[in-house]
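Chains, contacts and geometry: an overview
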Amino acid sequence: MEIVWENIQAAFLFIYSHLVIINLVLAVIIVFFQRKEPKSVWAWLLILYFIPVLGFIFYLLIGTDMHKQKMFRTKEIEDKINDAIRHQEISIRNQELEISYPEMKDYEDLMLYNLRAADAILTDDNQVRFFVDGKEKFKALAEDLEKAERSIHIQYYIIRDDEVLQGILEILKRKVEQGVEVRILYDGMGGGRFIKRSAWKQIRSMGIHTAEFFPAIFGSLQMRINYRNHRKIVVIDGKTGYVGGFNMAREYLGLDKKFGYWRDTHMRIEGSAVDSLQVRFILDWNFAARDKALTFDPYLVKTRGGIKGGCPVQIVTSGPDSLEQGIRNTYLRLIHKAKHSIYIQTPYFIPDESIMTALSIAVHSGVKVNIMIPCKPDHPFVYWATYSYVGELVLLGANCYTYMNGFLHAKGIVVDEEVLCYGTANMDIRSFSLNFEVNAILYDEGKAREMTAYFLEDLKYAKKITRDMYLGRNLLVRFKEQVSRLLSPLL
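Residues numbered from 1 in each chain as written. Predicted model: local features only at pLDDT ≥ 70, side-chain atom pairs only at ≥ 80, totals over all residues. Heavy atoms only, no water.

Right, let's talk about the pairing of strand β3 (residues 181–187) for a bit. Most of β3 is tucked away: six of the seven residues are buried. Bridge analysis of strand β2 (residues 151–156) against β3 gives six bridges, and the strand direction is parallel. When the sheet's bridge partners are listed, histidine 153 is paired in β3 with arginine 183. Traced from β2 through helix α9 (residues 163–177) to β3, the parallel crossover comes out right-handed. Two strands pair when backbone bridges link them, and β3 and strand β4 (residues 209–213) are joined in this way by five bridges, in the parallel orientation. Bridge pairing in β4 links isoleucine 184 to threonine 210. Between the parallel elements β3 and β4, the chain passes through helix α10 (residues 197–205) in a crossover that is right-handed. (Buried < 20%, exposed > 50% of the residue type's maximum accessible area, 1.4 Å probe, protein only. Helix = DSSP H or I, 4+ residues; strand = E, 2+ residues; numbered from the N terminus. Pairing = 2+ DSSP bridges. Right-handed = clockwise from strand over helix to strand, strands pointing away.)

Next comes the structure, spelled out in structure tokens:
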């Protein structure tokens, strides 16, 4: 025992006496072997300088890059997508889309970008319903699950073992007994952290298939704090799809005293856009459950009863494996295209320089920029960084609000009351490049006006951040803002 203790002491002395060299080596790795934005590089170098060795362990947990490679592609679906992309590209370039939807002419370039950069097929036979209340969303979901005849595919970032999950499991158990295939895909941090492995084992004993995205190692130790699968997708029989901000837990029904009422946005979609959600689920499932991989054809609907002239929708996904930051670039393009108004709701507002510049230009160009954030933090550093960026826009002349009636978790943008992009992606660097996200773009004036109306309704429960209010914040708030903003490339 004494010899072991002496060896441990010797190891610590060696590390302590060579800290400069060790930190130099680690700095070289960060600068030359990881492709990062300069701001991120400097932030990590400061952490290494002030917290030697431990800073590098922190870097291993949340700072390392994934290779920009397509993790999820399979030959089967790639050929079909490429054929559809070529057909739609020709259609857009021949102005066939303009004939069907003349009011959408201004967004053909965005449609084409997402088609080519994100494989986002445009479909126009969709019916879309919005949910801004968790109880209404889960009530509708339960009703749709009860109607399932062939397959149920469920994917959430956070799943807790509480009354919400138990209510859904009662339905799923009955559907399995009726011969319906049921699969649940959960993130290793969001679902793996909140539900014991024994509980997942019990769920599998019901006949429900499960898969874990980037599971923990050594019990509950997560080596990937970044690169979480933040998507929330449900697809029922390939015909009905859900996508948006609500996770599966009691706080999303407003039952958590800490957060109070939970204001979020979710969409229920019927139509061909559901195929895109189904493809996304299967790609994610096949990555997480390699030994239980699915083929696509049995789960894609061959013919639909949808009517042309429905809501035009593109499902856009992005993640650290993507060459393009598709959702971020969609936000950026929409901001640049705005002529009259921009409405943004997001719990976390940590934009990169391009987004901030675009919003600044919009404000100075006379566009009414409206941004709503929560009144309370669920992640303190993220909240105070958010407040800092929002404050900068307030000083430029933007209309910025804090939602006071509980917690605001809705994520999206509406431009000129013509087009909207909502889903799982926050307006922050983490959603843009570090997490796997999915958003729906709706090129529909009626739906855009409906979403704008929700924003205006929320103003009844919001407090405007005035110029005087922001300039009058105390020294403690200013300090928290500056520290958090300094760390914003890492948040």
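A word on the pattern of salt bridges. Pairing is possible between side chains of opposite charge, provided their charged atoms come close. Tallied over the full model, the rule gives 19 salt bridges. For glutamate 251, the salt bridge is made with arginine 160, and the minimal N-O distance between the two is 2.9 Å. Here the residue glutamate 251 occupies a position in the loop between β6 (240–244) and β7 (262–270), and arginine 160 occupies one in the loop between β2 and α9, the gap between them amounting to 91 residues. With a closest N to O distance of 2.9 Å, arginine 183 and glutamate 181 form a salt bridge. Given a relative accessible area of 7%, arginine 183 falls into the buried group. The partly exposed category is assigned to glutamate 181, whose relative accessible area is 32%. Sharing partners across several salt bridges, the network here consists of Asp109, Arg333 and Lys337. (Salt bridge = Lys/Arg side-chain N within 4 Å of Asp/Glu carboxyl O.)

Moving on to the packing of aromatic side chains. A complete count under the given rule lists 16 aromatic pairs for this structure. Here phenylalanine 214 and phenylalanine 287 contribute two aromatic rings whose centre-to-centre distance is 5.6 Å and whose plane-to-plane angle is 85°, an arrangement assigned as edge-to-face. Taken together, the residues phenylalanine 214 in the loop between β4 and β5 (233–236) and phenylalanine 287 in helix α11 (residues 273–288) connect sequence positions 73 residues apart. A relative accessible area of 9% means that phenylalanine 214 is categorised as buried. Geometrically, the ring pair formed by tyrosine 387 and tyrosine 470 is tilted, given 5.8 Å between the ring centres and 45° between the ring planes. Linking tyrosine 387 in helix α14 (residues 380–396) with tyrosine 470 in helix α17 (residues 467–471), this pair joins segments that are 83 residues apart in sequence. Judged by relative accessible area, which is 11%, tyrosine 387 ranks as buried. For tyrosine 470, a relative accessible area of 5% puts it in the buried group. One aromatic cluster is present, built from ring pairs that chain together Phe213, Phe214, Phe287 and Phe436. Sitting over the face of the ring of phenylalanine 194, arginine 160 holds its NZ or CZ atom 3.9 Å from the ring centroid. (Phe/Tyr/Trp six-rings, centres within 6.5 Å; stacked < 30°, edge-to-face > 60°. Lys NZ or Arg CZ within 6 Å of the ring centre and 35° of its normal.)

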